[in-house]
Structures are given as structure tokens and as C-alpha cells.
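Fold and geometry: a report
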Amino acid sequence: MIELRPSIAPEMALLALAAAGLVLALLFRRLRTVLDRRPSRVLFGLRLLACAVLLLGLLGPAWVRTRLDRERSKVLLLVDDTASMGTPDAGSRTRLDAARKAAFEDLAPAIGRRLPVQVLAFAGSAIRPAATPSDLRAAGEGSDVLAALRSAVAREGEDAIAAVVLVTDGGDRPGVLKDLPAVPVFCAGVGSDLRGFPDRRLSELSAPETAEARTTFELRGRAEASGRAAAAKDASLILREGGRERDRVRLDLSSGAASFEFRVTEDEPGVRRYDLELQTSAGEISTLNNRAWAVVEVRSLQVRVLYFDASVSTEFRPIRRELAADPGVEFVSILAVRAARPIRQGGRPGDGLDEGLPRAAKGLEPFDCILLGPLPASALDGSQQKALRERVERGGGLMLLGGEGAFGRGGWRGTPLSPLFPWEISDREPPLSTGRFEIAWTPEAASHPATRGLEEGGANASRMTVASLNLPGTLRPGAVALGVARLPAGRDVPAIAAQTFGQGRVLGIATNTLARWSSESDASARAFGRFLRQSVRWAAGKDASGGFLRLEPSRRSAPFGEPIAVAAETRDRERRLSSAGALDACLASIEGKDAGRVPFVPSPSEPGRWNASVALPEAGPFRLRATLRDADGEIETREILLVSGGREPEGQSLAMKEPFLRELAAATGGDYADAAGAADLAAGIRARIRGKENRTEQSFVTDLPLVFLAFLLLAAAEWVARRRYNLF
């Protein structure tokens, strides 16, 4: 193909053309006057052609050739190879059979006639070549379509890819359409409508991320059934740990769903994997979703709690009963009800508690959390208040209980402890409000260690209420409301609030009737116990890491293929936030197999803050171990448990995700068809995707001197003509 590359502006080209026309007209008139008709026409024609050649040279003619760049025009054909593809489909085929036909008979040969095709199998974000249909086995875990798409494009490079074709049922978790590769994605959906087919499944499973040895924790979830053959009044659900059966329950699935709960106690610390298996039903379309597993890290931790009050309040006995029964808590109490000598329960010889609350921070150091009853400020002298404040500033925990003589009503405004309250404290605080106030958990409560899980199940079902409320001021900056109560006038009062103070943590409870939860119902009693146990551990800092290095994952478990964001907080040896040290981290399986290093990146704007994105290489539990060092050596090492997969097993959601695949294709400029229409999809790809081309140009002026040669030939022809007509 010939294209023009003008070496002068269009206006100059028109001017040159006009000038050439004028010169040729004058030349023609002159030749007509001095030569016969035939010689004049021959010479004029030759000069006309020479002028045309010169003008053509100014327009820069070039010979342009394009050729498909096969190295940069690949079509990636990604085929879902996870276990859910073994699900029976229309007729006697499985989804894998339909995927093999679509990939190797309809798509790859048709697209390959024009563009190079590379067939890849994916499971989660793992990609491997699949040269033949037998390379697809439907045995992988975690069909994360978007993770596979990003992984495949990143491996080949966007510049080398003309298009991507996905052959999949959409996976269990479709994902959010963001950060998509800049290549068109065409989707071939595999799977029939499974509504009405017999199927049993474990649709939900929740477990604590950590638990303490010799304490009881719960594994809760929900089982569902569809189709007449799957629904039954008596279906077994088995809990196994380490290959042995630990418990078994019978579920009534005749209504289509049933909730379950296993109560588990472990005597020794360690990482435990719990496998649940729901009894299969004859004719089930798939048994993949009859199984689930969860991992719990059992720790051997003890929290020392010191309770102090100036009277025996109604809250004391339920709190003592609950915490004293917790094997992970050592509960010590001091009741200063006598002027001469306080009453103490628990403690150790020589702990300095015989005279009441210590007057030096050193005396409080053996205790991780101090719990103050609803007492007035006058119950503690200035030295005791300063000691308590210093203990919290250095990393201790504090819990503050409300009541008529507490908070602003107790004269705490202007005292050394006043800034520790999560609320602004005023000496004009209204009297204690009484009535029936329902506690509503805030969105922050769902993820806060002190209240996590209280919004689930029994707590909400019991409509947790209190009969009194303190009415302090607004929350301090940085404090967070966890539980909110509404007054009759419509005002919402933060009844439970938390904040950090120095290196310590403070939890405020603006009521003296919280302990009623322990006697209202079994569900509320469990909620009360859980709240107390979690609160003292959070305040004590026993839910996370130590004083120099703290690791804070955004979540401890994630579906396979999804990374987990982990933030780290580091302090120097003076306990100041600092990023001056070195933070080294590595990932390993529970068995100790190395899984690679994890780079933490320091925040440019926040000293002592680091961030990392942890990609777990396969489904299962992993330990993230981080070590903080400075020029003098190691400061602190911490470990956290991270889990990939488990609670959302492969095949949990068997329905083909057609809406998601359509949205993905539309968002990237591709198209969608079901597997039966794969041939039409291939025809559309051939028509729309041209691939990347190599383009070569050769100028007729510089690279191929055809203009110069033409001009020479015309000059030679004029010389011959002049000789022919004796014009020399």
C-alpha cells in the first residue's frame, strides 16, 4: 500500500503546484512558437512528467507493509479447572466436558486460523498450560476468575495479548470488577440452571480466629438443602479434628435450612483444623459443598485482671463469677468498703494489695487490665490516680463501669484520670437515666476485638437491653462507639465506647446494669460472658502483639486467591513510634515449610506504620512471622495466623454466574455467550480482534530512490528527443 508523507506544508504544496502550472503554461507557449507541433508536444510532455515527478517527491510517497506480530497478538484461552467443573450438566455430560468441547473444538481452532492461541487451565490464581483436553481434570480448589485473569495477563504482559477468552462457570465468589487488565475479555459460560436439583450444602461456617486453651469456643454455621431428595428430617453433620471424630449433630433439613453449633474445648495450645462433613443424599448433584473446614489457633495466654471498687455493686458478683471461671484469666479484687483495711480476694503473697490500690505504677505492673467499678473520684487519692494513669500510658488496660456515682456524677472532671474516659466528662452531667434501653451494635463492633461476634445469633435474638444509662458528654476524638442506646427523646447515647491512651487501651461502659445479661436467658448469658472475656483481653493487649511490634491483619482468613492486607506498627526501644528499624517477615506453612518472604513497605506519612499485601500460595493455614531489628540487634518477633480458603469451600455456590460474566465482558470491551454458542463467539473474536501488527515503510525518495531515477529517465528521454529532432 502506498501512503504519502509530505515534506512540506499543504499550503506550500498548493503554491508549488500553482507555480509549476504557470511555468508549464509559459513553457508550452514558447515551444509552440519555436518548434513544430510534434517536437513541441513531445518536449512539453517530458517536462510535464518531470515536473510531476518533482511534485510527487515533495509529497513523500512511501511503500507501507503491515504484518501480524504473532508474538504480541496472543489470545489467551483460560479454562476453569476447579472441582466445581465436575458438576453434572445438561444430558449426561459434566461442565468439564462442555468446557473441553468449547475450548478445543469451537474456540481454539477457529480463532487460531487468524491469531495465535494459548490454552491455559486455572484454579484460583494458579495458571498452567493445557495443550490437550486431557490436561483439564476438574481437580483444583478455588475458582477465582478475576485472580486468574490478572495472573495470566501479568505473566504474559498486556502488550503481548490481543484478547482473553474465559471458559468458566464463574466460580464461587465472582468478585468486584475493579483493576481489570486493559485487554478485551470474552466469556463462554459453562453450566445449566441447577434450581430444583437435589443438593445439600454447608452454606455458612464461622469460627474464632484464636482461642485460649481450656476455654470453650463455638463453631457455628448453617446447612441448606434443595430438591425433594436432599431435604430430610435427619441429616448427620460430623465434626472431625486431626482425622478423628470429635462430635456429631443431627439436623432437620425438611424446611430447607438449619443452623448448627459445636462447642469445643482444647486443653493444649496449637493450631487446630476442624473439618465438617454433611451427610450426603442419594442423587445429589454435587458433594463438594457438603464439606467445609476452619482453622483456630489455640493459645496459652493468661490475663491478670484487678477489680477495684469502693462498694459491693450489683455488677461485681456476675463479673467475678464469669471471669473467675475463665481459665485464661486470673481475677483479683479489692473492695475498699472498710476504712481500715480493704477486702481482697485472690492475688499472690507480697503483691502489695493489702492496703488497697497501689500508689505507684510499679505496683500495678503485674496486672494486664484494671477494672474500676462505679466509684466516685474521691475513692482514689491523687497518687493512686496518677499511678493508674501511668500504668495505662505504658501499655496497661482499663475498664470503667458506669453508675450513679461514676463518670461526671462522681466528680471525675479535672482529675488525672479524666482524659482516660472515652467521653468528655462534665461536672454538670445529668443524673443516671433509668428505663429499658436496647443496645444496638455499631458497624465498628463487628470487627472490634472486644465486641466481635456479639451481633451474631443469640445476642441479637435476645434484644440485649440495659436498665440504666449514664449521660456523659460527646466522644473524645479517636474514641469509637461500639454499642449505642436510644433515649425516649430519640437521642442516641454511646453506651459502650473504646479508645487508646498512650500505649494502653480503655473501654468505658456507661451503665451499671450490664450484668443483668447474665441472668436474662441462656443466649444473653453467653453474650455477657463473651463480651467480658473479649473486653479484658482487648484492654490487656492480649488479642494482638506486644509493645514494640504489632501486626494487624485486615482479616485473618480470605478466599483462596485473595491477598490479605497486613499493617504493622513498630516502636523504638524508647517505645516511640518509629520506622527507623528493619522489619523482616516471612511466610511458612503450619508444618514449617517456607513459603517466601513478605515485604513490608513503610508509610511515607506515618512514622512506625508499615503495610504489606500477603498472597497465600495455596488453601490452608500459614504463619506470618515478623522480626523488628535495629542497630543493636533484635527488638521483638511476632507471629500471626493467616488462613486461605476453608470457610467457603470449592463448589459452595454451583449456579453459573452469567450476570457476572456478562458484566466482566462488557466492562472490558468483550462479549459473552454460553458454551453452546462458543463457535459464534469465536467468529465474533475473529471479526473484532485484529491483533497487533508490525508496520514497515520504505520511502520512494530516500529508501527506494524511484523519484530520482524517474527524473533521470525523463532527462535522458528529453536528450534523446532533442537529438531526434536536431535541436542541439
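Here is a short report on the structure shown in this document.

The rules behind these values
- Residues numbered from 1 in each chain as written.
- Predicted model: local features only at pLDDT ≥ 70, side-chain atom pairs only at ≥ 80, totals over all residues.
- Heavy atoms only, no water.
- Helix = DSSP H or I, 4+ residues; strand = E, 2+ residues; numbered from the N terminus.
- Buried < 20%, exposed > 50% of the residue type's maximum accessible area, 1.4 Å probe, protein only.
- Contact = heavy atoms within 4.5 Å.
- Areas by Shrake-Rupley, 256 points an atom, 1.4 Å probe, with all protein chains shown as cover.
- Arc of directions from axis to C-beta.
- Pairing = 2+ DSSP bridges.
- Axes fitted to C-alpha atoms, helices over the stretch in contact; angles between N-to-C directions.
- Phe/Tyr/Trp six-rings, centres within 6.5 Å; stacked < 30°, edge-to-face > 60°.
- Lys NZ or Arg CZ within 6 Å of the ring centre and 35° of its normal.
- Polar contact = N/O pair within 3.5 Å; in protein donor to acceptor, adjacent residues only side chain to side chain.
- Expected span 1.5 Å × (residues − 1).

Moving on: the overall build of the protein chain. Within the protein chain, the secondary structure is distributed over 13 helices and 36 strands. Counting every position in the protein chain, which comprises 728 residues, the buried fraction comes to 49%. Considering only contacts within the protein chain whose residues lie at least 6 apart along the sequence, 71% involve residues at least 24 apart. When the accessible area of the protein chain is evaluated, it comes to approximately 33,800 Å², of which 52% is carbon and sulfur surface.

It is worth spelling out helix α11 (residues 658-668) at this point. All of the buried residues in α11 are F660, L661, L664, A665 and T668. Projected down its long axis, α11 carries its buried residues within an arc of 135 degrees, all on one side. The exposed residues of α11 that point more than 90 degrees off its buried face are P659 and A666. In this structure, the buried residues of α11 make contact with α4 (145-156), β6 (161-168), β7 (185-189) and β35 (672-674). Following α11 by one or two positions, G669 adopts a phi angle in the positive range, close to 85 degrees.

Ordered by their spatial adjacency, 5 strands build an open sheet running β9-β15-β14-β11-β12, and the pairing between neighbours is mixed. Here the strands that pair on one side only, and so sit at the sheet edges, are β9 (210-212) and β12 (244-251). Taken pair by pair, the neighbouring strands of this sheet meet at an average axis angle of 30 degrees, ignoring direction. The sheet contact formed by strand β14 (residues 270-278) and strand β15 (residues 291-299) spans 8 bridges and is antiparallel. Paired with V271 across the bridge in β15 is E297.

Now for the pairing of strand β26 (residues 549-553). Among the 5 residues that make up β26, 4 are buried, leaving the element largely enclosed by the rest of the structure. Pairing of β26 with strand β28 (residues 564-570), which is carried by 5 bridges, proceeds in the antiparallel orientation. Bridging across to β28, E552 finds its partner in A567.

Okay, the packing of aromatic side chains next. Across all of its chains, the model carries 9 aromatic pairs by this definition. With 6.0 Å between their ring centres and 55 degrees between their planes, F260 and F262 make a pair best called tilted. The class for F260 is buried, based on a relative accessible area of 6%. Over the aromatic face of W293 sits the side chain of R273, whose NZ or CZ is 4.2 Å from the ring centroid.

This part takes up the side chain of E266. Considering the arrangement of structural elements, one finds E266 in the loop between β13 (257-265) and β14. Side-chain polar atoms of E266 contact the side chain of R246, separated by 2.9 Å. At 3.4 Å, the side chain of E266 and the side chain of R272 are in polar contact. The residues touching E266, leaving out its near neighbours within four places in the chain, are A213, R214, T215, F217, E241, R246, R272, Y274 and V298.

Taking 1.5 Å of rise per residue, 12 residues should cover 16 Å, and helix α7 (residues 382-393) covers 16 Å from first to last C-alpha, within 8% of that figure. Restricting attention to buried positions, one finds in α7 the residues Q384, Q385, A387, L388, R391 and V392. An end-on view of α7 places all buried positions within 160 degrees of arc, on one side of the element. Where the residues of α7 are buried, they touch α6 (361-364), β19 (369-372), β20 (397-401), β24 (492-501) and β25 (504-509). Two residues or fewer past α7, G395 is found with a positive phi of approximately 120 degrees.

Scope: geometric values only; no functional claims are made or implied.
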